[in-house]
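Coordinate analysis (summary)
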Amino acid sequence: MKASKIRTENLNKVFHTRHQDIYAVKDANIDIRVGEFVSLIGPSGCGKSTIIRMIDDIIKPTSGSIYIDGKEITSYKRIPKEINQKMGFIFQLPNLFPWLTVRENVGIACRIYKIRDERTQRYIDELLEMAGLTEYQNAYPAEISGGVMQRIGVIRAMVHKPEILLMDEPFGALDAMTREKLDMEILDIWKKLGTTVIFITHNVEEAVLLSDRVYVMGTNPGRITREITLDLERPRSLDLLTERKFQDYCAELTECIGHVDLRKVK
Ligand SMILES: Nc1ncnc2c1ncn2[C@@H]1O[C@H](COP(=O)(O)OP(=O)(O)O)[C@@H](O)[C@H]1O
Ligand SMILES: [Mg+2]
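Attention here is on the structure that accompanies the text. (Residues numbered from 1 in each chain as written. Chains lettered and ligands numbered in written order. Predicted model: local features only at pLDDT ≥ 70, side-chain atom pairs only at ≥ 80, totals over all residues.)

1. As for the overall build of the protein
Counting its secondary structure elements, the protein contains 9 helices and 11 strands. Computed over C-alpha atoms, the radius of gyration of the protein comes to 19 Å, within 12% of the 18 Å expected from 2.2 N^0.38 for 266 residues, which places it in the range of a compact globule. Projecting the C-alpha coordinates of the protein onto the three principal axes gives extents of approximately 55 × 50 × 40 Å. Long-range contacts, defined here as pairs at least 24 residues apart, represent 73% of the contacts in the protein between residues at least 6 apart. (Helix = DSSP H or I, 4+ residues; strand = E, 2+ residues; numbered from the N terminus. Rg over C-alpha atoms; globule rule 2.2 N^0.38 Å. Contact = placed C-beta atoms within 7 Å.)

So this is what it looks like as structure tokens:
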């Protein structure tokens, strides 16, 4: 079995608001192996974003531990740059800088991490090519479509060659056809680069199409309720969508999520 890349141990996050304490994540234990593609799925508000924000050190856990490559990162006040640099974050909305060109937006991490070498410029060329964005590189965000913007969000997170990609519903705002196309592109990139992926979605088909394994989450408190390993061959293609085994997994996951919602109603 491959080594553990990301592991959490009894991870908790409570948000204290003026009116109440929100248990956003309760006792989450996840373990993701090097090169694995794992999805977090569950209804809105079950703590999916909170989990990956804690992994990326955007927010601090209330208690519990996070390990990256076996090293506990929760013991640091701010995690060291060399660990932070192992991660790339792809947001639901790419939030591009409108005054920068596509190419400059893609290269923003170079400014943050002060990477100035020629090799990185060539890598940006490669990434633009891989994502079919070469022809847009000198355009500004206002001039391009949502699908193109989301591609920029994806490769922007990869410029500094992260070993881990954390994706927070990256294609949730797109139409189904564009999403499926980008899903397949993500699989290509993942295969080429061998990154470890945590992918958040509330779309069951998308989770099954992409993942090796899925953690199902429920609300109130936000927690992991199930873990399902998907025994489906790779490389995956959209033909999988019509296969019995694929549909059975989708039905199983839908049922898991449904049960969680029922409990919430009670
Ligand atoms: N900064 C915050 N302050 C207060 N509550 C928050 C904050 N961020 C998230 N929450 C709450 O924590 C819960 C989990 O949120 P989130 O992780 O965004 O869920 P998901 O991504 O699964 O939709 C929700 O009830 C949400 O309202
Ligand atoms: Mg979210």
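2. A few points about the sheet that holds strand β11 (residues 223–229)
Spatially, 6 strands are ordered β7-β8-β9-β4-β10-β11 in an open sheet, and the strand pairing comes out mixed. Each end of this open sheet is capped by a strand with a single partner; those strands are β7 (87–90) and β11. Strand-to-strand twist of the sheet, defined as the mean angle between neighbouring strand axes without regard to direction, takes the value 15°. Across 6 bridges, strand β10 (residues 213–218) lies against β11 in antiparallel orientation. For Tyr 215, the partnering residue across the bridge sits in β11 and is Glu 227. (Pairing = 2+ DSSP bridges. Axes fitted to C-alpha atoms, helices over the stretch in contact; angles between N-to-C directions.)

3. A closer look at helix α7 (residues 176–193)
An ideal rise of 1.5 Å per residue puts 26 Å on 18 residues; α7 measures up with 26 Å between its terminal C-alpha atoms. Listed as buried for α7 are Arg 179, Asp 183 and Ile 186. Angular distribution of buried residues about the axis of α7 spans 60°; they occupy a single face of the element. Seen from the open side of α7, the exposed residues pointing more than 90 degrees away from its buried face are Met 177, Asp 188 and Lys 192. A positive backbone phi angle near 65° is found at Gly 194, which sits one or two residues after α7. (Expected span 1.5 Å × (residues − 1). Buried ≥ 20, exposed ≤ 12 C-beta atoms within 10 Å, placed from the backbone. Arc of directions from axis to C-beta.)

4. Here we look at the nonpolar core
Ile 198 and Leu 253 are the most contacted members of the largest nonpolar core, which totals 59 residues. The leading source of residues in this core is helix α8 (residues 204–210), at 5 residues. Not counting chain neighbours up to four residues away, the residues in contact with Ile 198 comprise Ile 32, Val 38, Leu 40, Ile 52, Leu 166 and Met 167. (Core = buried A, V, L, I, M, F, W, Y, C linked by C-beta atoms within 7 Å.)

5. Let's talk about the pairing of strand β1 (residues 4–16)
Put simply, side chains in a regular strand alternate between the two faces of the sheet. In the sheet, β1 pairs with strand β3 (residues 31–33) via 3 bridges, with the strands oriented antiparallel. In the sheet register, Ser 4 faces β3, and the bridge partner there is Arg 33. With 5 bridges joining them, β1 and strand β5 (residues 63–68) adopt antiparallel strand pairing. Among the inter-strand pairings, Asn 12 is bridged to a residue of β5, identified as Ser 63. Alignment of β1 against strand β2 (residues 21–28), held across 5 bridges, turns out to be antiparallel. Residue pairing across strands places Lys 13 opposite Val 25, the latter belonging to β2. Between β1 and β2, which pair antiparallel one after the other, the connecting turn spans 4 residues.

6. Some words on the packing of helix α6 (residues 146–156) against α7
Where α6 meets α7, the axes come as close as 11 Å, and the angle between the chain directions of the two elements is 20°. Regarding the angle of α6 to α7, the classification is roughly parallel. Crossing handedness for the pair α6 and α7: right-handed. Seen from α6, the contacting residues are Gly 147, Gln 150, Arg 151 and Val 154; seen from α7, they are Thr 178, Leu 182 and Ile 186. (Parallel < 35°, antiparallel > 145°, perpendicular 65-115°, else oblique. Left-handed = near helix turned anticlockwise from the far one by under 90°.)

7. Regarding the environment of His 202
Tracing the chain through its elements places His 202 in the loop between β9 (196–201) and α8. Here His 202 falls in the partly exposed class, since 17 other C-beta atoms lie within 10 Å of it. As for His 202 and Ile 257, which are separated by 55 residues in sequence, their C-alpha atoms are 9.7 Å apart. Leaving out residues up to four positions away in the same chain, His 202 has contacts with Ile 41, Gly 42, Pro 43 and Ser 44.

8. Some points on the site of ligand 1
Contacts to ligand 1 come from Phe 15, Thr 17, Ile 22, Ala 24, Ser 44, Gly 45, Cys 46, Gly 47, Lys 48, Ser 49, Thr 50 and Gly 222. Broken down by secondary-structure element, the contributors of at least two residues to the shell around ligand 1 are β2 and α1 (48–55). When residues in the shell around ligand 1 are grouped by element, the largest group, 3 residues, is from α1. (Near = placed C-beta within 6 Å.)

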